[in-house]
Amino acid sequence: MRHQAWVVLLAAAASACSIGAAIAAAPKPVDAARIQAADAEPGSWMSTGRTYGEQRFSPLTQVNVDNIGKLGLAWSYRLDVDRATEGTPIVVDGVMYVTSAFSIVTALDPRSGKQLWKYDPKVSRDRDRDGCCDVANRGVAVWQGKVYVGAYDGRLIALDAKSGKKVWITDTVIDHDRSYTITGAPRVVKGKVIIGNGGAELGVRGYVSAFDAGSGKLVWRFYTVPGDPSKPPENKAMEMAQKTWFGDTYWKQGGGGTPWDSFAYDADLDLLYVGTGNGSMWNRGVRSEDHGDNLFLSSIVALKPDTGEYVWHYQTTPGDSWDYTATQSIILADLSINGTQRKVLMQAPKNAFFYVIDRKTGELLSAEKYSPANWASKVDMKTGRPVESADADWSKKAQLVLPGPIGAHNWQPMSFSPQTGLVYIPSQEAPALYAPNPEAKYGGKGTWNLGMQPIALPEDPKALKPIQDSYKGHLIAWDPVAQRAVWTQDYASAWNGGTLATAGNLVFQGTADGRFVAYAADKGGKLWETPANTGVMAGPISYEINGEQYVTVLAGWGGAYPLALGAISTTAKVKPEARVLTYKLGGQAKLPPPDRKPAVLPEPPVLTANAATVDVGRNLFNAHCGMCHGPNAMSGGVIPDLRYLTPQKHAMFAGIVAGARAQRGMPGFSDVLKPADVDAIHQYLIKRAQDLKAELAAVPPVAGGPSAP
Ligand code: CA
């Protein structure tokens, strides 16, 4: 459906009466009526996807294809933590609310960037080990004078929107002996705060919870995978799911399916849509005896928001074995398909297929590859199931599978323009070698639980280069009706930013190589770009105050790609400086210069271990340290590169691994590493520092290398 005339009309009305007037009149607090009528106040960005349909489309037109060249920085604000910066700001009633890593909430004046208040939930920095993919937070929800944030440690916190003072705290975690985390933004539907959790890499049972927005009391909880089969299932949905799981491993270690990011709501149908995550373990052969669809992994589940009652589901990846989450953006739209208006739901999950689904019934309308993939040839429209290829089965032998676990599209939000009818997907080609570890056992809280060998990369930079080069990024403008790309923008690096579409015929996106860019939404083509000093991942927003349109993005680098894939991500060549960047026409503010210096390699200590010990150290490092510090001790630049340890750090190495710097973000590992293990890892790091010294002697260092530890 083309809403063009309607959107132009709304935009004209907005600029005529000015959003500033609405602020001065102190409207009633954000509630269901206001969010459902979000298009009536296009100057606000009231919920994470702007509307309950999560299109991330701004009806504002002041900034448009004709004047985009005049867009300049209005203000910037330095965030507290230079880690995963993934949040979408909320702007409503004259205040901007942003979050940074470790779930810190800051309220800013959206015209100036002046800080109004800050709330740090003081997440213990040693909780780092409890998540797969950095200590991210993707934003808050605002409702009836309160601001809601899900803290990384699983607390759901309500703050007073004016003062930032705590109103209530609820613990969403059912079992603190498991690695549950929250990274996603809450949504508020019918007075209930909806929040899921993460942890499927570490062994948890996923669920989504609804808490009363006023009191913080639990209203309902929907588990996404079954529990102990000797106990009665919680509901009919779990009874159905139970029949698709086998053996004992899954329920003892937790089957996964964590709904850690995407939700959408249709008020007319009164359905809440939940995107669910991958299985624990990844290896389905270990998890559930190599068969079974394992409901509701990698699925979109429709629930009644009042009760959490199951209505329908569509499983994108039955029996997922590749970390193919269906937690990616869920966007609702009304599309004309074969001459019929359909209420659809769209998703481009990690598995590289773009799904168009009837959101009333869950009927699959179409599914085509939006990105290259070798795991499945197509989706069979008769059965709604993917046709898996032999190349995908890694249960018995290692396989190079495309996409790998970071997916053809990850959490970086996509957007949809009703004007162009196109979906703007931040996509990537990112293959991975999956090598089975059939002996894998659940290792306890804070340990990875994949049923897979650690990611193996070559240490030799020359051998690494072609693997780096095989990782690419693309912005894809996708026609969801024709199921084809209309235009594509290519990037040298994967892990580019979320997208914003506007009625000014623009698409905004940050890039992994440190830029913020605008394209023509209909035809593609770069119209404007500006440096951001850092890789940009988050989804931009737009708002209007006192007749001026602003565009804001949280700039900052981190997440699974630079942490777990380390050296592969260094094609991004940027520093993780986290900032809020806000632009407007004629903006004259200056972006501060990069404030980190290129690292200088300290003289490595003498290697005292033999080759066998160094080998032991390598394996231990890659099993326990590599998913944050990078495989083979080649960091992605966010977490310290341990080849650059100073003499002081070498001297206190065992103490650091035991937890001496836990409150600075380096958790202790005494529960899994014995002193001899720590020694072997240390010797491996000395060996790697010496390797680097030899490489640098051959090639002089360039600016933009790894940061010093
Ligand atoms: Ca995952």
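Residues numbered from 1 in each chain as written. Predicted model: local features only at pLDDT ≥ 70, side-chain atom pairs only at ≥ 80, totals over all residues. Heavy atoms only, no water.

Undergrad: Could you clarify how one ought to interpret the sheet that holds strand S17 (residues 299-303) in this entry?
TA: Pairing between sheet strands relies on hydrogen bonds along the backbone, with the strands arranged either parallel or antiparallel. Reading across from one edge, S15-S16-S17-S18 is the order of the four strands in this open sheet, with antiparallel pairing throughout. Two strands bound the open sheet, and with one partner strand each, they are strand S15 (263-266) and strand S18 (310-315). Direction aside, the axes of adjacent strands within the sheet are offset by 15° on average. Direction of pairing for S17 relative to S18: antiparallel, over a ladder of five bridges. In the strand pairing of S18, Ser299 is matched with Gln315. (Pairing = 2+ DSSP bridges. Helix = DSSP H or I, 4+ residues; strand = E, 2+ residues; numbered from the N terminus. Axes fitted to C-alpha atoms, helices over the stretch in contact; angles between N-to-C directions.)

Undergrad: I keep staring at the pattern of salt bridges and nothing clicks. Help me out?
TA: Side-chain pairs of opposite charge can arise where the charged atoms are in close proximity. What the rule picks out here adds up to 40 salt bridges. As a salt-bridge pair, Asp39 and Arg50 come within 2.4 Å of each other at their nearest N and O atoms. With Asp39 in the loop between helix H3 (32-36) and strand S1 (57-58) and Arg50 in the loop between H3 and S1, the pair connects residues that are eleven residues apart, well separated along the chain. Here Arg50 falls in the buried class, since its relative accessible area comes to 3%. The partner of Asp691 in a salt bridge is Arg688, and the shortest N-O contact between them spans 2.8 Å. (Salt bridge = Lys/Arg side-chain N within 4 Å of Asp/Glu carboxyl O. Buried < 20%, exposed > 50% of the residue type's maximum accessible area, 1.4 Å probe, protein only.)

Undergrad: Which parts of the structure should I look at to understand the side chain of Asp82?
TA: Following the sequence through the fold, Asp82 ends up in the loop between strand S2 (71-78) and strand S3 (90-92). When its relative accessible area of 14% is taken as the criterion, Asp82 is described as buried. Side-chain polar atoms of Asp82 contact the side chain of Arg78, separated by 2.8 Å. Reaching out from Asp82, the side chain makes a polar contact with the backbone nitrogen of Ala578 at a distance of 3.0 Å. (Polar contact = N/O pair within 3.5 Å; in protein donor to acceptor, adjacent residues only side chain to side chain.)

Undergrad: Help me out: how do you make sense of the domain arrangement of the chain in this one?
TA: How big an interface is tends to be expressed through the accessible area that disappears when the partners come together. Here the domain parsing of the chain yields domain 1 (39-585) and domain 2 (611-698). Its C-alpha centre places domain 1 at a distance of 31 Å from the equivalent point of domain 2. Contacts between the two partners involve 29 residues from domain 1, matched on the other side by 29 residues from domain 2. Between domain 1 and domain 2, roughly 2100 Å² of surface is buried when both sides are summed, and carbon and sulfur atoms account for 59% of that area. Interface area lost by domain 1 to domain 2 is led by Arg129, Glu459 and Leu563, which between them contribute 32%. Counting across the interface, domain 1 meets domain 2 through three salt bridges. For Arg688, the salt bridge is made with Glu459, and the minimal N-O distance between the two is 3.9 Å. (Domains from an automatic or database assignment. Contact = heavy atoms within 4.5 Å. Buried area = accessible area lost by both parts, 1.4 Å probe.)

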